[in-house]
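Listed below are the residues making up each chain.
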Amino acid sequence: MTKSFRTLDDVDVKGKRVLLRVDLNVPMDAGKVTDATRLERVVPTITEIAGKGGKVILLAHFGRPKGRDEKNSLKPVAAALAEVIKKPVAFAEDCIGEPAAKAIAAMQDGDVLCLENTRFHPEEEKNDPAFVAKLAELGDIWVNDAFSAAHRAHASTEGLGHKLPAYAGRTMQAEIVALNKALEAPTRPVIAIVGGAKVSSKIDLLENLVTKVQALVIGGGMANTFLHAQGVKVGKSLCEKDLAETALRILNKAEAANCAIILPVDATVAYHFEANAPSFAYGLDAIPPDAMILDVGPRSIERIHAAIDDAATLVWNGPVGAFELTPFDKGTVEAAKHAARRTKAGSLVSVAGGGDTVAALNHAGVADDFTYISTAGGAFLEWMEGKPLPGVEVLRVK
(Lines give C-alpha, C1' and ligand atoms only; values in the text may rest on other atoms or scores of the structure.)
Protein backbone atom coordinates (compact mmCIF):
# COMPACT_ATOMS: atom_id res chain seq x y z
CA MET A 1 0.00 0.00 0.00
CA THR A 2 2.57 2.58 1.08
CA LYS A 3 4.73 1.66 -1.92
CA SER A 4 1.89 2.43 -4.32
CA PHE A 5 0.22 5.41 -2.61
CA ARG A 6 1.40 8.32 -0.52
CA THR A 7 -0.19 8.27 2.95
CA LEU A 8 0.05 10.27 6.19
CA ASP A 9 3.07 8.11 7.07
CA ASP A 10 5.00 10.03 4.40
CA VAL A 11 4.51 13.60 5.67
CA ASP A 12 5.10 15.77 8.77
CA VAL A 13 1.92 17.83 9.21
CA LYS A 14 3.08 19.95 12.20
CA GLY A 15 2.32 23.60 11.57
CA LYS A 16 1.00 22.83 8.09
CA ARG A 17 -2.33 23.96 6.64
CA VAL A 18 -3.85 20.63 5.65
CA LEU A 19 -6.68 20.74 3.11
CA LEU A 20 -8.53 17.54 4.01
CA ARG A 21 -11.17 16.35 1.53
CA VAL A 22 -13.79 14.36 3.43
CA ASP A 23 -17.27 12.96 2.79
CA LEU A 24 -19.79 14.89 4.88
CA ASN A 25 -22.72 14.12 2.58
CA VAL A 26 -24.82 12.70 5.42
CA PRO A 27 -28.61 12.21 5.61
CA MET A 28 -30.36 15.11 7.35
CA ASP A 29 -33.87 15.64 8.67
CA ALA A 30 -35.08 18.98 10.07
CA GLY A 31 -31.49 20.22 10.36
CA LYS A 32 -30.28 17.15 12.26
CA VAL A 33 -27.94 14.39 11.03
CA THR A 34 -29.89 11.08 11.04
CA ASP A 35 -26.94 8.76 10.31
CA ALA A 36 -23.46 9.75 11.47
CA THR A 37 -21.61 6.80 9.86
CA ARG A 38 -19.71 8.99 7.38
CA LEU A 39 -18.77 11.46 10.13
CA GLU A 40 -17.42 8.60 12.25
CA ARG A 41 -15.36 7.35 9.30
CA VAL A 42 -13.35 10.61 9.07
CA VAL A 43 -12.54 10.79 12.79
CA PRO A 44 -9.18 8.90 12.64
CA THR A 45 -7.70 11.19 9.99
CA ILE A 46 -8.93 14.42 11.58
CA THR A 47 -7.72 13.47 15.06
CA GLU A 48 -4.36 12.25 13.80
CA ILE A 49 -3.59 15.42 11.83
CA ALA A 50 -4.83 17.66 14.66
CA GLY A 51 -2.94 15.60 17.25
CA LYS A 52 0.30 16.02 15.28
CA GLY A 53 -0.13 19.79 15.19
CA GLY A 54 -1.56 20.24 11.72
CA LYS A 55 -4.28 22.77 10.95
CA VAL A 56 -7.22 20.68 9.70
CA ILE A 57 -9.17 22.48 6.95
CA LEU A 58 -12.12 20.39 5.81
CA LEU A 59 -13.32 20.45 2.21
CA ALA A 60 -16.60 18.70 1.37
CA HIS A 61 -19.75 18.88 -0.70
CA PHE A 62 -23.33 18.44 0.42
CA GLY A 63 -26.19 17.56 -1.91
CA ARG A 64 -26.47 18.82 -5.49
CA PRO A 65 -26.93 22.58 -5.18
CA LYS A 66 -27.11 24.80 -8.25
CA GLY A 67 -25.12 27.69 -6.80
CA ARG A 68 -25.35 28.91 -3.20
CA ASP A 69 -28.32 27.43 -1.39
CA GLU A 70 -28.62 27.57 2.40
CA LYS A 71 -30.54 24.25 2.40
CA ASN A 72 -27.22 22.67 1.39
CA SER A 73 -25.00 24.51 3.85
CA LEU A 74 -22.44 22.44 5.73
CA LYS A 75 -22.88 24.56 8.88
CA PRO A 76 -25.19 22.10 10.73
CA VAL A 77 -23.01 19.20 9.59
CA ALA A 78 -19.92 20.90 11.04
CA ALA A 79 -21.76 21.25 14.37
CA ALA A 80 -22.66 17.54 14.30
CA LEU A 81 -19.05 16.65 13.44
CA ALA A 82 -17.82 18.61 16.46
CA GLU A 83 -19.93 16.35 18.68
CA VAL A 84 -18.50 13.24 17.01
CA ILE A 85 -14.83 14.28 17.26
CA LYS A 86 -15.39 15.88 20.70
CA LYS A 87 -13.53 19.00 19.59
CA PRO A 88 -14.66 22.43 18.33
CA VAL A 89 -15.10 22.74 14.55
CA ALA A 90 -14.98 26.34 13.30
CA PHE A 91 -16.92 27.25 10.16
CA ALA A 92 -16.17 29.54 7.22
CA GLU A 93 -19.03 30.91 5.09
CA ASP A 94 -17.20 30.11 1.83
CA CYS A 95 -14.55 27.63 0.64
CA ILE A 96 -12.46 30.27 -1.19
CA GLY A 97 -11.71 33.98 -0.95
CA GLU A 98 -11.64 36.22 2.10
CA PRO A 99 -14.06 34.29 4.37
CA ALA A 100 -11.92 31.13 4.02
CA ALA A 101 -8.57 32.95 4.22
CA LYS A 102 -9.62 34.89 7.33
CA ALA A 103 -10.86 31.77 9.14
CA ILE A 104 -7.63 29.91 8.31
CA ALA A 105 -5.46 32.82 9.48
CA ALA A 106 -7.20 32.63 12.88
CA MET A 107 -6.35 28.92 13.33
CA GLN A 108 -3.87 27.54 15.85
CA ASP A 109 -1.98 24.26 15.28
CA GLY A 110 -4.38 21.38 15.99
CA ASP A 111 -7.52 23.38 15.22
CA VAL A 112 -10.29 22.09 12.94
CA LEU A 113 -12.13 24.29 10.44
CA CYS A 114 -14.90 23.33 8.01
CA LEU A 115 -15.21 25.36 4.81
CA GLU A 116 -18.60 25.86 3.16
CA ASN A 117 -19.94 23.45 0.50
CA THR A 118 -17.49 23.30 -2.43
CA ARG A 119 -20.41 22.71 -4.81
CA PHE A 120 -21.77 26.20 -4.14
CA HIS A 121 -19.26 26.99 -6.92
CA PRO A 122 -20.06 25.34 -10.30
CA GLU A 123 -16.30 25.39 -11.02
CA GLU A 124 -15.87 22.60 -8.43
CA GLU A 125 -17.53 19.93 -10.58
CA LYS A 126 -15.85 21.30 -13.73
CA ASN A 127 -12.42 20.90 -12.06
CA ASP A 128 -11.76 24.46 -13.22
CA PRO A 129 -8.02 25.26 -12.97
CA ALA A 130 -8.62 28.81 -11.65
CA PHE A 131 -10.89 27.44 -8.90
CA VAL A 132 -8.33 24.71 -8.06
CA ALA A 133 -5.70 27.46 -7.73
CA LYS A 134 -7.93 29.44 -5.32
CA LEU A 135 -8.39 26.34 -3.15
CA ALA A 136 -4.68 25.51 -3.30
CA GLU A 137 -3.76 28.99 -1.95
CA LEU A 138 -5.42 28.01 1.33
CA GLY A 139 -3.26 24.98 2.11
CA ASP A 140 0.26 23.58 2.18
CA ILE A 141 -0.71 19.94 1.55
CA TRP A 142 -3.82 18.08 0.37
CA VAL A 143 -5.10 14.89 1.97
CA ASN A 144 -7.92 12.95 0.30
CA ASP A 145 -10.03 10.91 2.71
CA ALA A 146 -13.20 10.78 0.57
CA PHE A 147 -13.08 7.48 -1.32
CA SER A 148 -16.82 7.81 -1.97
CA ALA A 149 -16.13 10.84 -4.19
CA ALA A 150 -12.93 9.45 -5.73
CA HIS A 151 -14.66 8.48 -8.99
CA ARG A 152 -15.27 12.19 -9.65
CA ALA A 153 -12.50 14.34 -11.17
CA HIS A 154 -13.61 17.50 -9.34
CA ALA A 155 -11.45 20.36 -8.07
CA SER A 156 -11.41 19.23 -4.42
CA THR A 157 -11.36 15.47 -5.14
CA GLU A 158 -8.66 15.36 -7.84
CA GLY A 159 -7.54 18.77 -9.09
CA LEU A 160 -5.78 19.71 -5.85
CA GLY A 161 -3.62 16.59 -6.15
CA HIS A 162 -1.83 18.23 -9.10
CA LYS A 163 -1.23 21.53 -7.25
CA LEU A 164 -0.20 20.44 -3.75
CA PRO A 165 1.69 17.50 -2.21
CA ALA A 166 -1.03 14.82 -2.05
CA TYR A 167 -1.64 12.00 0.45
CA ALA A 168 -4.31 9.41 1.29
CA GLY A 169 -6.10 9.84 4.61
CA ARG A 170 -6.56 6.86 6.91
CA THR A 171 -10.10 6.05 5.71
CA MET A 172 -9.02 6.24 2.08
CA GLN A 173 -6.01 4.08 2.92
CA ALA A 174 -8.19 1.46 4.68
CA GLU A 175 -10.56 1.38 1.71
CA ILE A 176 -7.78 0.90 -0.84
CA VAL A 177 -6.15 -1.84 1.27
CA ALA A 178 -9.50 -3.65 1.70
CA LEU A 179 -10.39 -3.48 -1.98
CA ASN A 180 -6.91 -4.58 -3.03
CA LYS A 181 -7.33 -7.58 -0.72
CA ALA A 182 -10.66 -8.35 -2.35
CA LEU A 183 -9.89 -8.03 -6.06
CA GLU A 184 -6.34 -6.91 -6.89
CA ALA A 185 -4.27 -9.29 -4.76
CA PRO A 186 -6.79 -11.60 -3.06
CA THR A 187 -6.41 -14.92 -1.31
CA ARG A 188 -8.07 -17.37 -3.71
CA PRO A 189 -10.58 -18.81 -4.34
CA VAL A 190 -12.58 -15.57 -4.70
CA ILE A 191 -16.37 -15.55 -4.91
CA ALA A 192 -18.54 -12.54 -5.75
CA ILE A 193 -22.21 -12.14 -4.88
CA VAL A 194 -23.94 -9.61 -7.11
CA GLY A 195 -27.62 -8.83 -6.76
CA GLY A 196 -30.00 -5.95 -7.24
CA ALA A 197 -32.82 -5.17 -9.58
CA LYS A 198 -31.29 -4.69 -13.00
CA VAL A 199 -28.56 -6.18 -15.16
CA SER A 200 -28.43 -2.92 -17.14
CA SER A 201 -26.83 -1.05 -14.22
CA LYS A 202 -24.19 -3.75 -13.64
CA ILE A 203 -23.05 -4.96 -17.08
CA ASP A 204 -19.51 -3.53 -16.69
CA LEU A 205 -19.30 -4.94 -13.17
CA LEU A 206 -20.28 -8.47 -14.23
CA GLU A 207 -17.97 -8.44 -17.24
CA ASN A 208 -15.02 -7.41 -15.07
CA LEU A 209 -15.78 -9.83 -12.24
CA VAL A 210 -15.98 -12.95 -14.39
CA THR A 211 -12.32 -12.38 -15.30
CA LYS A 212 -11.24 -11.95 -11.65
CA VAL A 213 -13.25 -14.37 -9.50
CA GLN A 214 -13.59 -18.12 -9.45
CA ALA A 215 -17.34 -18.10 -8.81
CA LEU A 216 -20.06 -15.50 -9.27
CA VAL A 217 -23.44 -15.75 -7.53
CA ILE A 218 -26.09 -13.74 -9.37
CA GLY A 219 -29.28 -12.96 -7.44
CA GLY A 220 -32.03 -10.39 -7.15
CA GLY A 221 -34.13 -9.21 -10.08
CA MET A 222 -31.08 -9.37 -12.34
CA ALA A 223 -30.96 -13.17 -11.98
CA ASN A 224 -34.35 -13.33 -13.70
CA THR A 225 -32.85 -11.82 -16.85
CA PHE A 226 -30.21 -14.59 -16.93
CA LEU A 227 -32.84 -17.26 -16.29
CA HIS A 228 -35.04 -15.84 -19.07
CA ALA A 229 -32.03 -15.87 -21.43
CA GLN A 230 -31.69 -19.60 -20.72
CA GLY A 231 -35.35 -20.26 -21.53
CA VAL A 232 -36.79 -20.25 -17.99
CA LYS A 233 -40.33 -18.81 -17.81
CA VAL A 234 -40.20 -16.19 -15.03
CA GLY A 235 -43.87 -15.17 -14.97
CA LYS A 236 -44.47 -11.54 -14.00
CA SER A 237 -41.05 -11.18 -12.33
CA LEU A 238 -38.88 -8.13 -12.86
CA CYS A 239 -36.89 -9.05 -15.97
CA GLU A 240 -35.03 -7.11 -18.66
CA LYS A 241 -35.94 -9.38 -21.55
CA ASP A 242 -34.20 -7.11 -24.07
CA LEU A 243 -30.89 -7.91 -22.34
CA ALA A 244 -31.05 -11.67 -22.93
CA GLU A 245 -28.19 -11.51 -25.47
CA THR A 246 -26.08 -9.49 -23.01
CA ALA A 247 -26.71 -12.10 -20.31
CA LEU A 248 -25.67 -14.92 -22.66
CA ARG A 249 -22.52 -12.99 -23.62
CA ILE A 250 -21.59 -12.66 -19.93
CA LEU A 251 -22.23 -16.38 -19.39
CA ASN A 252 -19.97 -17.22 -22.35
CA LYS A 253 -17.27 -14.86 -21.11
CA ALA A 254 -17.45 -16.50 -17.66
CA GLU A 255 -17.08 -19.97 -19.18
CA ALA A 256 -14.03 -18.84 -21.18
CA ALA A 257 -12.50 -17.37 -18.00
CA ASN A 258 -13.23 -20.52 -15.95
CA CYS A 259 -15.58 -18.61 -13.65
CA ALA A 260 -18.53 -20.65 -12.30
CA ILE A 261 -21.82 -18.78 -12.55
CA ILE A 262 -24.23 -19.69 -9.74
CA LEU A 263 -27.83 -18.81 -10.60
CA PRO A 264 -30.93 -19.66 -8.55
CA VAL A 265 -32.19 -23.24 -8.94
CA ASP A 266 -35.48 -22.51 -7.19
CA ALA A 267 -37.39 -19.41 -6.13
CA THR A 268 -39.67 -17.91 -3.51
CA VAL A 269 -42.63 -16.46 -5.39
CA ALA A 270 -45.71 -14.39 -4.57
CA TYR A 271 -48.62 -12.87 -6.44
CA HIS A 272 -48.30 -9.44 -4.76
CA PHE A 273 -45.24 -7.26 -4.18
CA GLU A 274 -45.88 -6.43 -0.55
CA ALA A 275 -44.62 -7.40 2.89
CA ASN A 276 -45.92 -10.71 4.24
CA ALA A 277 -47.72 -11.56 1.00
CA PRO A 278 -48.43 -15.32 0.86
CA SER A 279 -45.32 -16.91 -0.63
CA PHE A 280 -44.43 -20.30 -2.09
CA ALA A 281 -41.21 -22.10 -3.01
CA TYR A 282 -41.17 -23.34 -6.60
CA GLY A 283 -38.71 -25.09 -8.86
CA LEU A 284 -37.72 -23.04 -11.90
CA ASP A 285 -39.73 -25.31 -14.18
CA ALA A 286 -42.97 -24.44 -12.39
CA ILE A 287 -43.08 -20.65 -11.88
CA PRO A 288 -46.78 -19.68 -12.29
CA PRO A 289 -47.30 -17.26 -15.21
CA ASP A 290 -49.04 -14.67 -13.00
CA ALA A 291 -46.55 -14.86 -10.08
CA MET A 292 -43.32 -12.95 -9.30
CA ILE A 293 -39.95 -14.28 -8.14
CA LEU A 294 -39.11 -12.17 -5.06
CA ASP A 295 -36.31 -14.20 -3.46
CA VAL A 296 -34.12 -17.23 -4.00
CA GLY A 297 -35.55 -20.52 -2.78
CA PRO A 298 -34.23 -22.90 -0.07
CA ARG A 299 -32.07 -24.99 -2.43
CA SER A 300 -30.53 -21.85 -3.89
CA ILE A 301 -29.66 -20.64 -0.38
CA GLU A 302 -27.85 -23.96 0.22
CA ARG A 303 -25.88 -23.45 -3.01
CA ILE A 304 -24.86 -19.92 -1.96
CA HIS A 305 -23.72 -21.25 1.43
CA ALA A 306 -21.66 -23.96 -0.30
CA ALA A 307 -20.03 -21.34 -2.57
CA ILE A 308 -19.16 -19.20 0.46
CA ASP A 309 -17.72 -22.31 2.19
CA ASP A 310 -15.44 -22.91 -0.80
CA ALA A 311 -14.14 -19.32 -0.86
CA ALA A 312 -11.24 -17.61 0.88
CA THR A 313 -12.38 -14.14 -0.24
CA LEU A 314 -15.90 -12.78 -0.76
CA VAL A 315 -16.89 -9.57 -2.55
CA TRP A 316 -20.56 -8.60 -2.22
CA ASN A 317 -22.64 -5.98 -4.02
CA GLY A 318 -26.44 -6.12 -3.99
CA PRO A 319 -29.12 -8.20 -2.23
CA VAL A 320 -30.25 -11.55 -3.67
CA GLY A 321 -33.96 -10.89 -3.08
CA ALA A 322 -36.45 -8.12 -2.21
CA PHE A 323 -34.85 -7.84 1.23
CA GLU A 324 -36.89 -4.77 2.24
CA LEU A 325 -40.00 -6.97 2.44
CA THR A 326 -40.46 -9.95 4.77
CA PRO A 327 -40.31 -12.86 4.09
CA PHE A 328 -38.39 -12.06 0.89
CA ASP A 329 -35.34 -11.03 2.93
CA LYS A 330 -34.57 -14.64 3.86
CA GLY A 331 -32.04 -15.42 1.11
CA THR A 332 -30.04 -12.24 1.69
CA VAL A 333 -30.13 -12.50 5.49
CA GLU A 334 -29.13 -16.18 5.60
CA ALA A 335 -26.27 -15.68 3.12
CA ALA A 336 -25.06 -12.62 5.07
CA LYS A 337 -25.13 -14.49 8.37
CA HIS A 338 -23.30 -17.44 6.85
CA ALA A 339 -20.57 -15.16 5.44
CA ALA A 340 -20.31 -13.37 8.80
CA ARG A 341 -19.84 -16.68 10.66
CA ARG A 342 -17.05 -17.72 8.28
CA THR A 343 -15.42 -14.29 8.63
CA LYS A 344 -15.53 -14.39 12.44
CA ALA A 345 -14.01 -17.88 12.33
CA GLY A 346 -11.06 -16.45 10.38
CA SER A 347 -11.85 -18.51 7.27
CA LEU A 348 -13.03 -15.69 4.99
CA VAL A 349 -12.05 -12.16 3.98
CA SER A 350 -15.41 -10.47 3.28
CA VAL A 351 -15.72 -7.08 1.60
CA ALA A 352 -19.08 -5.52 0.79
CA GLY A 353 -20.29 -2.18 -0.52
CA GLY A 354 -23.07 -0.19 -2.13
CA GLY A 355 -26.05 1.46 -0.46
CA ASP A 356 -28.50 -1.45 -0.69
CA THR A 357 -25.80 -3.90 0.38
CA VAL A 358 -24.94 -1.93 3.52
CA ALA A 359 -28.66 -1.63 4.35
CA ALA A 360 -29.12 -5.37 3.82
CA LEU A 361 -26.16 -6.30 6.04
CA ASN A 362 -27.39 -3.92 8.75
CA HIS A 363 -30.85 -5.51 8.42
CA ALA A 364 -29.22 -8.94 8.90
CA GLY A 365 -27.37 -7.61 11.95
CA VAL A 366 -23.93 -8.62 10.65
CA ALA A 367 -22.41 -5.39 9.29
CA ASP A 368 -19.81 -5.32 12.08
CA ASP A 369 -18.78 -8.92 11.39
CA PHE A 370 -17.60 -8.40 7.79
CA THR A 371 -13.91 -7.70 7.18
CA TYR A 372 -14.71 -4.37 5.52
CA ILE A 373 -17.84 -2.54 4.45
CA SER A 374 -17.54 0.35 2.03
CA THR A 375 -20.02 3.20 2.46
CA ALA A 376 -19.11 4.41 -1.04
CA GLY A 377 -21.73 3.83 -3.71
CA GLY A 378 -20.59 4.84 -7.19
CA ALA A 379 -16.88 4.74 -6.37
CA PHE A 380 -17.13 1.20 -4.97
CA LEU A 381 -18.99 0.05 -8.08
CA GLU A 382 -16.51 1.68 -10.47
CA TRP A 383 -13.60 0.10 -8.58
CA MET A 384 -15.30 -3.30 -8.92
CA GLU A 385 -15.82 -2.57 -12.62
CA GLY A 386 -12.04 -2.21 -12.96
CA LYS A 387 -12.16 1.51 -13.77
CA PRO A 388 -9.40 3.83 -12.53
CA LEU A 389 -10.68 6.36 -9.97
CA PRO A 390 -9.28 9.88 -10.51
CA GLY A 391 -9.18 10.71 -6.77
CA VAL A 392 -7.16 7.56 -6.10
CA GLU A 393 -4.88 7.68 -9.15
CA VAL A 394 -3.64 11.16 -8.21
CA LEU A 395 -2.31 9.72 -4.92
CA ARG A 396 -0.12 7.11 -6.59
CA VAL A 397 3.63 7.28 -6.13
CA LYS A 398 4.91 8.28 -9.55
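Thresholds, definitions, all that
- In this numbering scheme, every chain counts its residues from 1 along its sequence in written order.
- This being a predicted model, a pLDDT of at least 70 is required before a residue's local features are given, and a value of 80 or more before pairs of side-chain atoms are given or counted; all residues contribute to the totals for chains, interfaces and linings.
- Note that water and hydrogens are dropped before the side-chain values are worked out from all heavy atoms of the structure.
- Secondary structure is summarised from DSSP: a helix means a run of H or I of at least four residues, a strand means a run of E of at least two, and numbering begins at the N terminus for each.
- Buried residues are those whose accessible area, probed at 1.4 Å on protein chains only, stays under 20% of the maximum for their type, while exposed residues exceed 50% and partly exposed ones sit between those limits.
- To measure how exposed things are, a 1.4 Å probe is used in the Shrake-Rupley method; for residues, cover is taken only from the protein chains shown.
- As annotated, the domain borders come from an automatic or database domain assignment.
- Residue contacts are defined here by distance: any two heavy atoms, one from each residue, within 4.5 Å place the two residues in contact.
- Buried area: the accessible surface (1.4 Å probe) lost by two parts on joining, summed over both.
- By definition here, a salt bridge exists when the distance from a side-chain nitrogen of Lys or Arg to a carboxyl oxygen of Asp or Glu is within 4 Å.
- Every definition here rests on a 1 Å grid over the protein atoms only: cavities are sets of points where a 1.4 Å probe fits but cannot get out, pockets are open sets enclosed by protein on both sides within 12 Å along at least five of seven lines, and lining residues have some atom within 4 Å of a point.
- Grid points are joined across faces, edges and corners, and a volume is the space filled by probe spheres set on the points.
- Residue type decides the class: Asp, Glu, Lys and Arg count as charged, Ala, Val, Leu, Ile, Met, Phe, Trp, Tyr, Cys and Pro as nonpolar, and the leftover types, Gly among them, as polar.
- A pair of strands is treated as paired once DSSP finds two or more bridges between them.
- We call a crossover right-handed when, viewed with the strands running away from us, the connection from the first strand over the helix to the second turns clockwise.
- Expected helix span is given by 1.5 Å per residue-to-residue step, counting one fewer step than there are residues.
- UniProt positions are given in the numbering used here, feature names are shortened, and annotations may be inferred rather than shown by experiment.
- Pairs of N or O atoms are called polar contacts if they sit within 3.5 Å, as long as, within protein, a hydrogen donor faces a hydrogen acceptor (for residues adjacent in sequence, only side-chain-to-side-chain pairs).

Caption draft 1: Layout of the overall build of the chain. Within the chain, the regular secondary structure consists of 14 helices and 17 strands. Seen through its principal axes, the chain has C-alpha atoms that stretch 70 × 45 × 40 Å. Across the 398 residues of the chain, 58% fall into the buried class. For the chain, the exposed area adds up to about 16500 Å²; of that, 51% sits on carbon and sulfur atoms.

Caption draft 2: Representation of the domain arrangement of the chain. Along its sequence, the chain is carved into domain 1 (17-171) and domain 2 (186-385). On a C-alpha basis, the centroid separation for the pair domain 1 and domain 2 is 36 Å. The interface is formed by eight residues belonging to domain 1 together with 10 residues belonging to domain 2. Of the roughly 700 Å² buried between domain 1 and domain 2, counting both surfaces, carbon and sulfur atoms make up 57%. Ranking the residues of domain 1 by area buried against domain 2 places Arg 41, Phe 147 and His 151 at the top, with a combined share of 69%. There are zero salt bridges connecting domain 1 and domain 2.

Caption draft 3: Main features of empty space enclosed by the protein. Summed over all chains, the structure comprises two cavities of 30 Å³ or more. Within this model, the largest cavity holds a volume of roughly 100 Å³. The wall of the largest cavity is formed by Asp 23, Arg 38, Arg 41, Val 42, Asp 145, Ala 146, Phe 147, Ser 148, Thr 171, Glu 175, Thr 375 and Ala 376. Here the lining of the largest cavity gets three residues from one element, more than from any other, and that element is helix α1 (residues 37-51). The class makeup of the residues in the lining of the largest cavity is four nonpolar, three polar and five charged. Quantified by volume, the second largest cavity comes out at close to 50 Å³. What lines the second largest cavity is Val 217, Ile 218, Gly 219, Ile 262, Leu 263, Pro 264, Val 296, Ser 300, Arg 303 and Ile 304. Among the secondary structure elements, those contributing two or more residues to the lining of the second largest cavity are β10 (215-218) and α10 (298-310). With three residues, the top contributor of residues to the lining of the second largest cavity is α10.

Caption draft 4: Quick peek at the pairing of strand β9 (residues 190-194). Of all five residues making up β9, five are buried, and the element is well covered by its neighbours. Judged by which residues are buried, β9 turns out to be covered on both faces: Val 190, Ala 192 and Val 194 on one side and Ile 191 and Ile 193 on the other are all buried. Relative to strand β15 (residues 313-317), β9 runs parallel, the two sharing five bridges. Bridging from a neighbouring strand, Val 190 pairs with Thr 313 of β15. Pairing of β9 with β10 involves four bridges; the strand directions are parallel. Counted as the bridge partner of Ile 193 is Val 217 from β10. Handedness of the β9-helix α7 (residues 203-209)-β10 crossover: right-handed.

Caption draft 5: Focus on the environment of Pro 189. Mapping Pro 189 onto the fold places it in the loop between α6 (170-184) and β9. C-alpha of Pro 189 to C-alpha of Ile 308: the two residues are 119 residues apart in sequence and 9.8 Å apart in space. If near-sequence neighbours (up to four positions away) are discounted, Pro 189 is found in contact with Gln 214, Asp 310, Ala 311, Ala 312 and Thr 313.

Caption draft 6: Region of the structure containing α6. Taking 1.5 Å per residue as the helical rise, α6 with its 15 residues ought to reach 21 Å, and the 19 Å between its terminal C-alpha atoms agrees with that figure. For α6, every residue scored as buried is listed here: Arg 170, Thr 171, Met 172, Gln 173, Glu 175, Ile 176, Ala 178, Leu 179, Ala 182 and Leu 183.

Caption draft 7: Just the UniProt feature "binding site: (2R)-3-phosphoglycerate" (unreviewed entry) in the chain, in detail. The feature "binding site: (2R)-3-phosphoglycerate" (unreviewed entry), as given by UniProt, occupies Arg 38, Arg 119 and Arg 152 in the numbering adopted here. Put simply, the named residues that line the largest cavity are Arg 38. As for its position among the elements, Arg 38 is in helix α1. Once residues lying within four places of it in the same chain are set aside, the contact partners of Arg 38 are Asp 23, Asn 25, Val 26, Ser 148 and Thr 375. There is a polar contact of 3.0 Å between the side chain of Arg 38 and the side chain of Asp 23. Beyond its immediate stretch of four places on either side in the chain, Arg 119 contacts His 61, Gly 63, Arg 64, Pro 65, Gly 67, Glu 124, Glu 125 and His 154. A polar side-chain atom of Arg 119 sits 3.3 Å from the main-chain carbonyl oxygen of Gly 63.

Caption draft 8: Broad picture of the pairing of strand β7 (residues 141-144). Of the two faces of β7, the one carrying Ile 141 and Val 143 and the one carrying Trp 142 and Asn 144 are both buried. Pairing of strand β1 (residues 17-21) with β7 involves four bridges; the strand directions are parallel. Among the inter-strand pairings, Leu 20 is bridged to a residue of β7, identified as Val 143.

Caption draft 9: Seen up close, the pattern of salt bridges. On inspection of all chains with the given rule, the structure shows 18 salt bridges. A salt bridge links Glu 48 to Arg 170; its shortest N-O distance comes to 2.8 Å. One end of the pair, Glu 48, is in helix α1; the other, Arg 170, is in helix α6, with 122 residues separating them in the sequence. What emerges from the salt-bridge pattern is a single network uniting Asp 9, Glu 48, Lys 52 and Arg 170.

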